[in-house]
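Chains, contacts and geometry: an overview
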Amino acid sequence: DAGITQSPRYKITETGRQVTLMCHQTWSHSYMFWYRQDLGHGLRLIYYSAAADITDKGEVPDGYVVSRSKTENFPLTLESATRSQTSVYFCASRDRDRGQPLHFGNGTRLTVT
Amino acid sequence: KQEVTQIPAALSVPEGENLVLNCSFTDSAIYNLQWFRQDPGKGLTSLLLIQSSQREQTSGRLNASLDKSSGRSTLYIAASQPGDSATYLCAVLDGGSQGNLIFGKGTKLSVKP
């Protein structure tokens with residue numbers, strides 16, 4: 001089925017561990033985004049990518065690493081998880097045309113203990 | 001720095017009522033504005049996208065308007081139904097941005113039967 005798939009849906013990890021959140025889209029959209037959603041802060045952009053091998057920082061990039069070797073995949077890695085990274089993470093994608101809507105995955109709920 | 005505000009944070013109405021959700025933004029130099037719906041535990045679903053040159057967009061019982069000069073948008077929902085209960089978010093794409101949507105914190109709507 002076409003769309004954006006995020007995995008896992010839920011993840012519990014310990015402080016200091018490395019964890020990778022996966023995002024896969026089937027539309028061949030150029031742009032992909034990672035947002036985190038927290039009570040009181042709303043949605044904040046972590047990183048985005050305009051195409052394979054092109055990534056850029058968003059509003060809150062510290063502690064996160066991204067890569068995009070293939071157009072359809074955009075994994076997000078927390079190199080050494082901290083409790084402040086407990087959040088719901090959303091991946092989104094969009095066509096190259098800025099006038100097109102943004103499409104979201106169903107999110108990954110991450111808890112860092 | 002662009003800021004997006006949605007008031008009220010929560011709204012409860014009886015079924016069948018027409019209602020308006022408000023969104024304001026501080027910098028009028030936007031490229032477009034998008035309204036989303038988010039159900040609990042789910043990702044965001046795009047409802048309507050208004051380009052900066054447009055005044056309104058309609059989809060079924062939903063109508064979104066844009067007054068760029070005053071920095072305001074409204075989402076009008078006609079004949080509300082319990083199934084409309086969700087959180088509604090607006091987001092703007094700045095004119096100079098390639099992809100970073102700036103989100104409001106949302107209005108949580110409850111439609112009571």
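Residues numbered from 1 in each chain as written. Chains lettered and ligands numbered in written order. Predicted model: local features only at pLDDT ≥ 70, side-chain atom pairs only at ≥ 80, totals over all residues. Heavy atoms only, no water.

**What about the overall build of chain B?**
Across its full length, chain B carries 0 helices and 11 strands. Along the chain direction, N to C, the helices and strands of chain B fall in the order β-β-β-β-β-β-β-β-β-β-β. A compact globule built from 113 residues should have a C-alpha radius of gyration of about 13 Å, and chain B, at 13 Å, falls within 12% of that. With the C-alpha coordinates of chain B rotated into their principal frame, the extents come out at 45 × 30 × 20 Å. Taken across its 113 residues, chain B has 42% of its residues classed as buried. Split by element, the accessible area of chain B, about 5,300 Å² in all, is 49% carbon and sulfur. (Helix = DSSP H or I, 4+ residues; strand = E, 2+ residues; numbered from the N terminus. Rg over C-alpha atoms; globule rule 2.2 N^0.38 Å. Buried < 20%, exposed > 50% of the residue type's maximum accessible area, 1.4 Å probe, protein only. Areas by Shrake-Rupley, 256 points an atom, 1.4 Å probe, with all protein chains shown as cover.)

**Here's the deal with the interface of chain A and chain B**
Frequently, the measure chosen for interface size is the accessible area that the parts lose on association. Tallying the contact residues gives 21 residues for chain A and 25 residues for chain B. Of all residues in chain A, Leu-43, Arg-98 and Phe-104 of chain A give up the largest surface area on contact with chain B, accounting jointly for 34% of the area buried on that side. There are 1 salt bridge connecting chain A and chain B. Broken down by secondary-structure element, the contributors of at least two residues to the side of chain A that touches chain B are strand E4 (31–38), strand E5 (42–51) and strand E9 (87–94) of chain A. When residues of the side of chain A that touches chain B are assigned to their parent elements, the largest contribution, 4 residues, is made by E4 of chain A. (Contact = heavy atoms within 4.5 Å. Buried area = accessible area lost by both parts, 1.4 Å probe. Salt bridge = Lys/Arg side-chain N within 4 Å of Asp/Glu carboxyl O.)

**Focus on the packing of aromatic side chains**
Tallying each qualifying case throughout the model produces 10 aromatic pairs over all chains. When the centroid spacing of 5.9 Å and the interplanar angle of 40 degrees are considered together, the rings of Tyr-35 of chain A and Phe-104 of chain A count as tilted. Of this pair, Tyr-35 of chain A sits in strand E4 while Phe-104 of chain A is found in strand E10 (residues 103–104), placing the two residues 69 residues apart along the sequence. Both rings, one in Tyr-64 of chain A and one in Tyr-89 of chain A, keep their centres 5.9 Å apart while their planes meet at 65 degrees; by these two values the pair is edge-to-face. On the criterion of sequence distance, the pair formed by Tyr-64 of chain A in strand E7 (residues 64–66) and Tyr-89 of chain A in strand E9 is long-range, its members being 25 residues apart. Judged by relative accessible area, Tyr-64 of chain A falls into the buried class, the value being 5%. Members of the aromatic cluster, joined through ring pairs, are Tyr-31, Phe-33, Tyr-35, Tyr-48, Phe-90 and Phe-104 of chain A together with Phe-36 and Phe-103 of chain B. One residue, Arg-94 of chain A, lies across the ring of Tyr-31 of chain A, its end atom 4.3 Å from the ring centre. (Phe/Tyr/Trp six-rings, centres within 6.5 Å; stacked < 30°, edge-to-face > 60°. Lys NZ or Arg CZ within 6 Å of the ring centre and 35° of its normal.)

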